[in-house]
Amino acid sequence: MGGALPKRRAAVLLPYPFYGAFDYAVPPGIDVTPGDVVSVPLGRRTEWGVVWDAAGDGQVADARLKPISAVLAVPRMADNLRRFVDWVAAYTMSPPGEVMAMAMRAAPHGEGPIAHGWRIVPDAPVDVRVTKERARVLAVLADGAMLSGPDLARAAEVGSAVIRGMARAGLLEPVALAQRPLFGMPDLVRAGPVLGAEQEIAARALCDAVKSRTFSVSLLDGVTGSGKTEVYLEAVAEALRSGRQALVLLPEIALSAQWLERFQQRFGTMPAQWHSDLSPGLRKRTWRAVADGSAPVVVGARSALFLPFPDLGLIIVDEEHETAFKQEDGVIYHARDMAVVRARFESAPIALVSATPSLETVANVEAGRYHELTLTARHGAASMPDIATVDLREAPPERGKFLSPQLIAAVNETIAAGDQAMLFLNRRGYAPLTLCRSCGHRMQCPQCTAWLVEHRHARRLQCHHCGHQIPTPETCPECGAAHALTAIGPGVERITEEAREVFPEARIQVMSSDTIEHPSQTTDAVRAITERDVDLVIGTQIIAKGWHFPHLTLVGVVDADLGLGGGDLRAAEHTVQLLHQVAGRAGRAEKPGRVLLQTFSPEHPVMQALVSGNLAGFRAAEAAARRPGNWPPYGRLVALIVSGEDAHAVDKAARDIGLAAPRMDGVVVLGPAPAPLALLRGRHRRRLLLKARKDVAVQKLVHAWLAGVQLPSRVRVDVDIDPVSFM
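What comes next is a walk through the structure.

What counts and what doesn't
- Residues numbered from 1 in each chain as written.
- Predicted model: local features only at pLDDT ≥ 70, side-chain atom pairs only at ≥ 80, totals over all residues.
- Heavy atoms only, no water.
- Salt bridge = Lys/Arg side-chain N within 4 Å of Asp/Glu carboxyl O.
- Helix = DSSP H or I, 4+ residues; strand = E, 2+ residues; numbered from the N terminus.
- Buried < 20%, exposed > 50% of the residue type's maximum accessible area, 1.4 Å probe, protein only.
- Contact = heavy atoms within 4.5 Å.
- Phe/Tyr/Trp six-rings, centres within 6.5 Å; stacked < 30°, edge-to-face > 60°.
- Pairing = 2+ DSSP bridges.
- Axes fitted to C-alpha atoms, helices over the stretch in contact; angles between N-to-C directions.

Moving on, we get to the pattern of salt bridges. A complete count under the given rule lists 34 salt bridges for this structure. Its salt-bridge partner being Asp79, residue Arg82 comes within 2.8 Å of it at the nearest N-O pair. Of this pair, Arg82 and Asp79 both sit in helix α1 (residues 79-92), 3 residues apart, which is roughly one turn of the helix. A relative accessible area of 44% means that Asp79 is categorised as partly exposed. Asp311 is the partner of Arg244 in a salt bridge, and the nearest nitrogen-oxygen pair spans 2.8 Å. Taken as a pair, Arg244 in the loop between α7 (228-241) and β10 (245-249) and Asp311 in the loop between β12 (297-300) and β13 (312-318) lie far apart in primary sequence, 67 residues in all. For Asp311, a relative accessible area of 27% translates into the label partly exposed.

Turning to helix α11 (residues 359-366), a few remarks are in order. Burial of α11 is extensive: 7 of the 8 residues sit out of reach of the surface. Listing the buried residues of α11 in full gives Leu359, Glu360, Thr361, Val362, Ala363, Asn364 and Val365. Here the buried face of α11 lies against β9 (216-222), α10 (335-346), β16 (349-354), β17 (371-375), α15 (571-583) and α17 (615-626). Gly368 sits one or two positions beyond α11 and adopts a positive phi of about 85 degrees.

So, on to the packing of aromatic side chains. In this description, a pair of aromatic rings is defined by centroid distance and the angle of the planes. For the structure shown, the criterion picks out 8 aromatic pairs. Ring geometry for Tyr16 against Phe18: centres 6.0 Å apart, planes inclined by 50 degrees, an arrangement best described as tilted. The class for Phe18 is partly exposed, based on a relative accessible area of 30%. Ring geometry for Phe263 versus Phe267: centroids 4.7 Å apart, planes at 45 degrees, classification tilted. Taken together, the residues Phe263 and Phe267, both in helix α8 (residues 256-267) and 4 residues apart, mark about one turn of the helix. When its relative accessible area of 0% is taken as the criterion, Phe267 is described as buried. Every member of this aromatic cluster is reached through a ring pair, and the members are Tyr16, Phe18 and Phe22.

Now for the sheet that holds strand β25 (residues 508-511). Taken in spatial order, the 6 strands make up an open sheet running β18-β28-β27-β19-β26-β25, and their pairing is parallel. Edge positions in the sheet fall to β18 (386-391) and β25, since each of these pairs with one other strand and no more. Put simply, the sheet's adjacent strands are angled 20 degrees from each other on average, direction ignored. Alignment of strand β19 (residues 420-424) against strand β27 (residues 552-557), held across 5 bridges, turns out to be parallel. Bridged to Ala421 within β27 is Leu554. Contacts from helix α12 (residues 405-416) reach β18, β19, β26 (536-539), β27 and β28 (594-599), with the element oriented near 160 degrees to β28. Packing against the sheet, helix α14 (residues 519-530) makes contact with β19, β25 and β26, and its axis sits at approximately 145 degrees to β25.

Encoded structure:
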């Protein structure tokens, strides 16, 4: 007699940091294919996973294989999305299970909620008493109609008790109702805005790319206020006409308020939204709507990139230069770059949109890999604002103040003319540092290498890295001196306090992440500004980009030098981008705008580029400085962050990794050295930086490097491919 037939096997990828799928037995009567969502035993519990393409390692004998428990009623994970997950995992050197979890964790693992309604029982008893209220219910449900309880009660003008009583009497029976669509279908017949000549050319190019149903990358590069959003919404309409879905990525959901208004004006309905503020129930319903195609357009944060689109026809990355697209925790990835990869797997075009494109994107244009579409002028009658510097060495503010006489005069003139002004400072709280006048003690976070930021209105000192906070002390914790703690430097709260003194009649709106914590608050603030209930807007980078305030004609940057210090190789580039974006809020309608940059270094190339408007020249100078040393985008960078709670163990591990560093042409390893944030959330941190030529396969190199080093379990090494932050 022959031996037993081998068991059927399936590789199942689980949502955990395992570097591969696990083999499970496929029981008789169950058929599975790659992409199926299944429940499987894992230890003593049951877990969900996805049947993967690659087979497991085959090392587990048939007798020890655990069986798949069931195939769940969840939409299959499409082939393209599985390939994308594998690609992201390989590129970022992350466990594929963790990447897969980003795509599937919000899925409704099992049947979704069923909506129940009522209908007339076909063979209802005839001897049941029918009151006037019951007669109205029966009339509403005549001809086989089915309604939910609330809808039926409203239509028949009865209470829910009447409906329940009719059910007990055998007149009505419950029935499952088809779910109403969660999202409306955009009106593609609705006329869009009249486009200018440059807009028309760019829109036609994007629409042609959508029609081709092939992968391509376009940079939509237009000055602030040039109507880039209207241009790419035409491409969204073309994708919908083709029966495909569209995804728009925004760097921060706070930017969505006016964007959603524009979308509704263009299409007569709202798109699906995807961000962390959604309730768990709405996330699951939205996920399913994307999967079944009933969410034709999604606007969201970077995680929307992993949604299960069955036929994605267009991706837009708005404000593509924004560092908020880089995820720094968990799976470390850049959503802009991964969006390009997702578009390639979907055979769809992608448009990267910015008034200040990143040097990486510009380099790809110059190399011929990306197309460029340029809008050189503001839409309609608007013109670019006049930008000037205020030299704080020659025209300083009053002692203990931060607004120069020149800026104060400009704000007063603007408000007196009936227009709106904006003060920008990219620093939250009241003051970035609190110290004791008696002994010099500085209030520092016990868990991070960072000062505690004073939030005066909330009467607390807070770390903006780990969230640690304490009530503002009355005495110095070091020397005990009473009332000796003093605020050093300005935050946006301190500027607001000064503004209320200097402009006592002004109606002020503060916009920072401390005051705007929810999209609804953003909507309220934007409405107040747009309807001219505000004279002066004060805020952090939340006000820097995307907004269209037609009556705002003056922007004052309180500290234009902020961000230029430190060892970040992109510091100048990021500062130009941020300040150009905030300057672009001024003069977006008929009235001309002006911008004043308070600075101690008006001769700095960043300030000169902003004043002259020669951003292309600035980028060329940045490129010339980076190219010889193989710095991005002309070379590759990989950061290794070694961390742990024991500083000695971290130092030893970092030293061992440094000693094992690869030595070859075109590769340089810098470090180990303490990270700028050498202590973060109670973990000591050391950094190494691998710099390589563009043609070096850094993932393979780093994998071999780390495989040769034995590390203690209490030390962790995080690998950041293409780092953006150097903290």
